[in-house]
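# A structural walkthrough
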Amino acid sequence: MSSVIEKGLPATAANAGAKARTEDAAVIDGFHLVIDALKLNDIDTIFGLPGIPITDLTRMAQAEGMRVISFRHEQHAGNAAAAAGFLTQKPGICLTVSAPGFLNGLTALANATTNCFPMILISGSSEREIVDLQQGDYEEMDQLAIAKPLCKAAYRVLHAEDIGVGVARAIRAALSGRPGGVYLDLPAKLFAQTLDAAAGRQSLIKVVDPAPRQIPAPDAVKRALDLLKTAKRPLILLGKGAAYAQADAEIRALVEKTGIPYLPMSMAKGLLPDTHELSASAARSHVLAEADVVMLVGARLNWLLSHGKGKTWAAEKGPKQFIQIDIAPTEIDSNVAIAAPLIGDIGSCVSALLAGIDASWPKAPADWTGGIAERRTKNQAKMAANLAARPSPMSFQSALGVIREQVKARPDAIVVNEGANTLDFARSIVDMYEPRKRLDVGTWGIMGIGMGFAVAAAVVTGKPVIAIEGDSAFGFSGMEVETICRYNLPVCVVVFNNNGVYRGTDVNMGGGADVAPTVFVKGARYDKLMEAFGGVGVHATTADELQAGLAQAIASGRPTLINAVIDETAGTESGRITKLNPLSAAMKK
Ligand code: ADP
Ligand code: TPW
């Protein structure tokens, strides 16, 4: 009798454990059951970092034709999995070793859950018997218990015959309803278990309809339409849930048929081109204050929208009426009363609304849309002067003006964006033209997503990626430039180098020799980091140098890092959200 164990390909010293499978194998092991379960569900890529007990799993997955993208730190593999999930509606897979590797991946899992991105963190784990008695195993940790509160669902598989069920449950939990992160715990012992090959095949599950459509109730649709029709100053607010839902044509039709101005949250930019005449982005404060009926489409009224209350929403003028489309019923009324909740998937909800909107639908009043257009023209003219200016050193605006033009020329490029001022300025300056082309710090405003998201975007789409990075933000994942070079990905990283966190000008309040906590080495050459691994480094001190480097990077598709030198006095503390810093009562005296 032959088996995968007995009849593998000749092993080299380096991959002694990882033998490729033969067709006539009579038994199948846990490693191959995991791989087959993923492949059966059309998952073709793993983002991870090898080590005990999953090294052979990465080798065998590669041998079985999966793409295995190996990172330098698990957090970035996890972020890559999350971004892949957002872009593809398939759960991104992150594979890590036990305890420390698991914990490194956990931040990404929690962040994915917060962002409603589907991903599965698969971690190897130690001997259950020893872990549970706390007898001190190699990398001992009760990973399942730790993961549980930080993700949507967490499962452990103890027997090879349950691998199919475990993977199926993980996929369903990640994708159905509100998408999110799932933890799948695979103890080391599981991988070596064997099953009869035919029984093994039969134990696997191809998940049917993992994200079932959820059709809204007709009375809820009517309630929403009735309210929308009464609006004098209606506004549609598009969030990243709308981008994720891939209902692009329906959303565009809703905006255009009703003539209602829309405001995209940062990752919903490009669902309709930012240059669309109904975009209210350049009149954001005006529309949030003045709108009377607001329809939220895949956006939560969290801190990013001032919880739907207060000055931003001109609360003093009385409450707004909200319509909210969301797949999660418990999201409704979480911050303010929602007059017309519409529960279902965005594609189905928007289609149902469209069915009730015919040619007789009154377009949004002209004084409302006209006022927005006027403000847009004024704000854009103001911005144009800053973009065209050529200060030395560069300002955030002059550097971003260059990137704005490059994205206009290559609207299929994916923009990754993190930092504080670099984030705020880029969000408003760099227009997006296509859906799901912008990935950023998301709901948490987390630093460190940069290189993981960039790798995933390049791997999943094959399109050029421009990562617009504050110098502090870049540092969180900077070592992954080696990963970018290793896989020769078409990623151009632009580091906005202003010598520190937010700015580079703080001084040590104690007067000592140490620099202030926000200050970095001055004049650092991040471009050399990329050169160290064979990529292209560009040191850009002018907008022209930045433009030339960026154009070259996009044309060549070669891994490139542009060290863009920005005025170190530019930028404000925490960017746009400086008011969230607690004020010291003692300092005010
Ligand atoms: P943003 O930060 O862009 O405002 P949020 O992450 O706050 O967006 O909101 C996304 C919302 O979209 C979540 O409440 C989530 O439940 C919802 N959502 C995600 N996917 C879908 C979908 N397919 N259909 C309906 N709602 C969805
Ligand atoms: C995981 C706090 C928010 S923004 C930022 C930090 C450290 C960096 C800002 O400096 P940068 O950008 O990138 O140079 P710029 O354009 O203003 O010059 N740790 C985590 N997440 C967050 N959000 C922080 C710390 C923070």
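Residue positions are counted from 1 within each chain, in the order its sequence is given. Chains carry letters and ligands carry numbers; both start at the beginning, A for chains and 1 for ligands, and go up in the order they are written. Given that this is a predicted model, residues contribute local features only at a pLDDT of at least 70 and side-chain atom pairs are listed and counted only at 80 or more, while totals for whole chains, interfaces and linings are drawn from all residues. To obtain the side-chain values, all non-hydrogen atoms of the structure were used and water was disregarded.

## With respect to the sheet that holds strand E9 (residues 234-238)
- Between any two strands, pairing holds if DSSP finds at least two bridges. Put simply, DSSP H or I for four residues or longer makes a helix, DSSP E for two residues or longer makes a strand, and each gets a number counted from the N terminus. Taken together, 5 strands build an open sheet; the order of strands is E10-E9-E11-E12-E13 and the sheet is parallel. Each end of this open sheet is capped by a strand with a single partner; those strands are strand E10 (262-264) and strand E13 (340-343). Across the sheet, the mean angle separating the axes of adjacent strands is 15° when strand polarity is ignored.
- By the bridge criterion, 5 bridges tie E9 to strand E11 (residues 293-297) in an arrangement that is parallel. Across the sheet, the residue bridging to Leu-238 is Val-297, located in E11.
- Contacts between residues were defined by any pair of non-hydrogen atoms, one from each residue, lying within 4.5 Å. Orientation is described by axes fitted as lines to C-alpha atoms, over the contacting stretch for helices, and by angles from 0 to 180 degrees between their N-to-C directions. Here helix H10 (residues 218-230) sits on the sheet in contact with E11, strand E12 (321-326) and E13, set at roughly 135° to E13.
- Of the strands in this sheet, E9, E10 and E11 are in contact with helix H12 (residues 248-258), which crosses E9 at around 165°.

## Here's the deal with the site of ligand 1
- Proximity is defined per residue: if any heavy atom of the residue lies within 4 Å of a molecule or strand, that residue is considered near it. In the vicinity of ligand 1, 20 residues are found, and the nearest of them are Arg-178, Lys-240, Arg-300, Asp-326 and Ile-346.
- Side-chain polar atom of Arg-300 to an oxygen atom of ligand 1: 2.8 Å apart, as the coordinates give it.
- Within the backbone of Ile-327, an N or O atom sits 3.1 Å from a nitrogen atom of ligand 1.
- When ligand 1 is considered free in solution it has 580 Å² of accessible area, and contact with the protein chains removes 96% of it.
- Under the grouping applied here, Gly and all other residues not named as nonpolar or charged are polar, the nonpolar ones being Ala, Val, Leu, Ile, Met, Phe, Trp, Tyr, Cys and Pro and the charged ones Asp, Glu, Lys and Arg. Tallied by class, residues from the shell around ligand 1 come to 9 nonpolar, 6 polar and 5 charged. Under the rule applied, a polar contact is a pair of N or O atoms within 3.5 Å (in protein, one hydrogen donor and one hydrogen acceptor; residues adjacent in sequence only if both atoms are side-chain atoms). Accessible areas in this description were obtained via Shrake-Rupley with a 1.4 Å probe; residue shielding takes into account the shown protein chains only.

## Quick word on the confidence of the model for the protein
- Residues at a pLDDT of 70 or more form 95% of the protein, whose mean pLDDT is 95.
- Every residue carries a pLDDT, the predictor's confidence in it, which falls somewhere between 0 and 100. Below a pLDDT of 50 lies the segment residues 1-13, which in the model reaches 28 contacts outside its immediate sequence neighbourhood of four places, other chains included.

## A short note on empty space enclosed by the protein
- Cavity and pocket criteria rest on a 1 Å grid covering protein atoms alone: a 1.4 Å probe that fits but cannot get out defines a cavity, protein on both sides within 12 Å along at least 5 of 7 lines defines an open pocket, and an atom within 4 Å of a point defines a lining residue. Grid points are joined across faces, edges and corners, and a volume is the space filled by probe spheres set on the points. Under the criterion given, the structure shown has 1 cavity of 30 Å³ or more.
- Counted as a void, the largest cavity has a volume near 30 Å³.
- Lining the largest cavity are Leu-301, Gln-324, Glu-331, Asp-333, Ser-334, Asn-335, Val-336 and Ile-338.
- Across the lining of the largest cavity, the residue classes break down as 3 nonpolar, 3 polar and 2 charged.

## Here we look at the site of ligand 2
- In the vicinity of ligand 2 lie 17 residues, with Asn-421, Thr-422, Gly-445, Asp-471 and Ala-473 positioned nearest.
- A distance of 3.1 Å separates an oxygen atom of ligand 2 from a polar backbone atom of Gly-500.
- Burial of ligand 2 by the surrounding chains reaches 76%, relative to a free accessible area of 590 Å².
- Sorting the residues of the shell around ligand 2 by element identifies helix H17 (421-429) and helix H19 (471-475) as the ones contributing at least two each.
- Examining the composition of the shell around ligand 2, we find that 3 residues originate from one element, H19, more than from any other.
- Broken down by class, the residue content of the shell around ligand 2 amounts to 8 nonpolar, 8 polar and 1 charged.

## Section: the packing of H12 against helix H14 (residues 346-355)
- Relative orientation of the contacting elements H12 and H14 amounts to 30°, with a least axis distance of 9 Å. Seen along the crossing, H12 lies across H14 with a hand that is left-handed. For the pair H12 and H14, the contacting residues are Glu-250, Ile-251, Ala-253, Leu-254 and Lys-257 in the first and Ile-346, Val-350, Ser-351, Leu-353 and Leu-354 in the second.
- The residue makeup of the contact of H12 with H14, split by class, is 7 nonpolar, 1 polar and 2 charged. Crossings are assigned a handedness: left-handed for a near helix turned anticlockwise from the far helix by less than a right angle, right-handed for a clockwise turn.

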